[in-house]
Amino acid sequence: MSVKIIEGDFVSGAGKYTIVVGRFNAFVVESLLAGALDTLKRHGIKDSDVRVVRVPGAFEIPLAVQKVAAQKQDDAIIALGAVIRGGTPHFEYVSGESSKGIAQVAMDFSIPVANGILTVNSIEQAIERSGTKAGNKGAEAALSAIEMVSVLRNLEA
Ligand code: INI
């Protein structure tokens, strides 16, 4: 008897992708976006199959993700933002609501929504995760979107 394993890969994720990006903390988020775009391109996703939607901040990301999902044009959505703790309760609200919101859209519309929204304590941690010693979370989010597109196709096959 052998176990049937259903999984994805990084070569069969061709399809349409929309990246929703918060402008807040732009110096970090632009590096996440560059990482995501580079990863999509290097995995064979055509530029013409990628859209970028910009919103003010992470708090606005879920609504834009919901609108994009409702269009039913994409195979996956990638959410990018940076929430950096500033000693105010705003951090908890913005980070909590943005993560919860995009997870809800994924379930409501049955579409992969990759979470590339950094929630960190300091600007240093944000820089580390946007292309320096801790990698680029935008690139990682794009990779997980590609893998999920492939997993879902294999699940439906
Ligand atoms: N938005 C972010 O994307 N990151 C943050 O760190 C942040 N902080 O700390 O305030 C932030 N706030 C703005 C928020 O996303 C909304 O744009 C704003 O509240 C208007 O609705």
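**A look at helix α5 (residues 137-156)**
Piece 1. Taking 1.5 Å per residue as the helical rise, α5 with its 20 residues ought to reach 28 Å, and the 28 Å between its terminal C-alpha atoms agrees with that figure.
Piece 2. Listed in full, the buried residues belonging to α5 are G138, A139, A141, A142, A145, I146, V149, S150 and V151.
Piece 3. On the buried face of α5, the contacting elements are β1 (17-22), α1 (26-42), β3 (76-84), β4 (113-120) and β6 (135-136).
Piece 4. Between the side-chain oxygen of the N-cap and the backbone nitrogen of G138 there are 2.8 Å, and the N-cap of α5 in question is N136.

**Section: the pattern of salt bridges**
Piece 1. Applying the stated rule across the entire model yields eleven salt bridges.
Piece 2. Across the pair K16 and D49 runs a salt bridge, and its minimum N-O distance is 3.0 Å. Here D49 lies in the loop between α1 and β2 (50-55) and K16 lies in the segment before β1, a separation of 33 residues in the sequence.
Piece 3. Owing to a relative accessible area of 38%, K16 belongs among the partly exposed residues under this scheme.
Piece 4. Salt-bridge contacts for E97 lead to K100; the nearest nitrogen and oxygen are separated by 3.1 Å. Within this pair, E97 and its partner K100 are both found in helix α3 (residues 90-109), separated by three residues, close to a single helical turn.
Piece 5. Residue classification places K100 among the exposed positions, given a relative accessible area of 52%.

**What to know about the environment of L40**
Piece 1. Inspection of the secondary structure puts L40 in helix α1.
Piece 2. Judged by relative accessible area, which is 1%, L40 ranks as buried.
Piece 3. Once the C-alpha coordinates of L40 and S2 are considered, the two residues, 38 residues apart in sequence, prove to be 34 Å apart.

**Remarks on the pairing of β3**
On a regular strand, one side chain projects to one face of the sheet and the next to the other, so that they alternate.
Piece 1. Of all nine residues in β3, nine are buried, a share of seventy percent or more.
Piece 2. The alternating pattern of β3 places A76, I78, L80, A82 and I84 and I77, A79, G81 and V83 on opposite faces, both of which are buried.
Piece 3. Sheet topology places β1 next to β3; five bridges connect them, and they run parallel. Counterpart to I19 in the pairing with β3 is I78.

The rules behind each value
Residues numbered from 1 in each chain as written. Predicted model: local features only at pLDDT ≥ 70, side-chain atom pairs only at ≥ 80, totals over all residues. Heavy atoms only, no water. Helix = DSSP H or I, 4+ residues; strand = E, 2+ residues; numbered from the N terminus. Expected span 1.5 Å × (residues − 1). Buried < 20%, exposed > 50% of the residue type's maximum accessible area, 1.4 Å probe, protein only. Contact = heavy atoms within 4.5 Å. Polar contact = N/O pair within 3.5 Å; in protein donor to acceptor, adjacent residues only side chain to side chain. Salt bridge = Lys/Arg side-chain N within 4 Å of Asp/Glu carboxyl O. Pairing = 2+ DSSP bridges.

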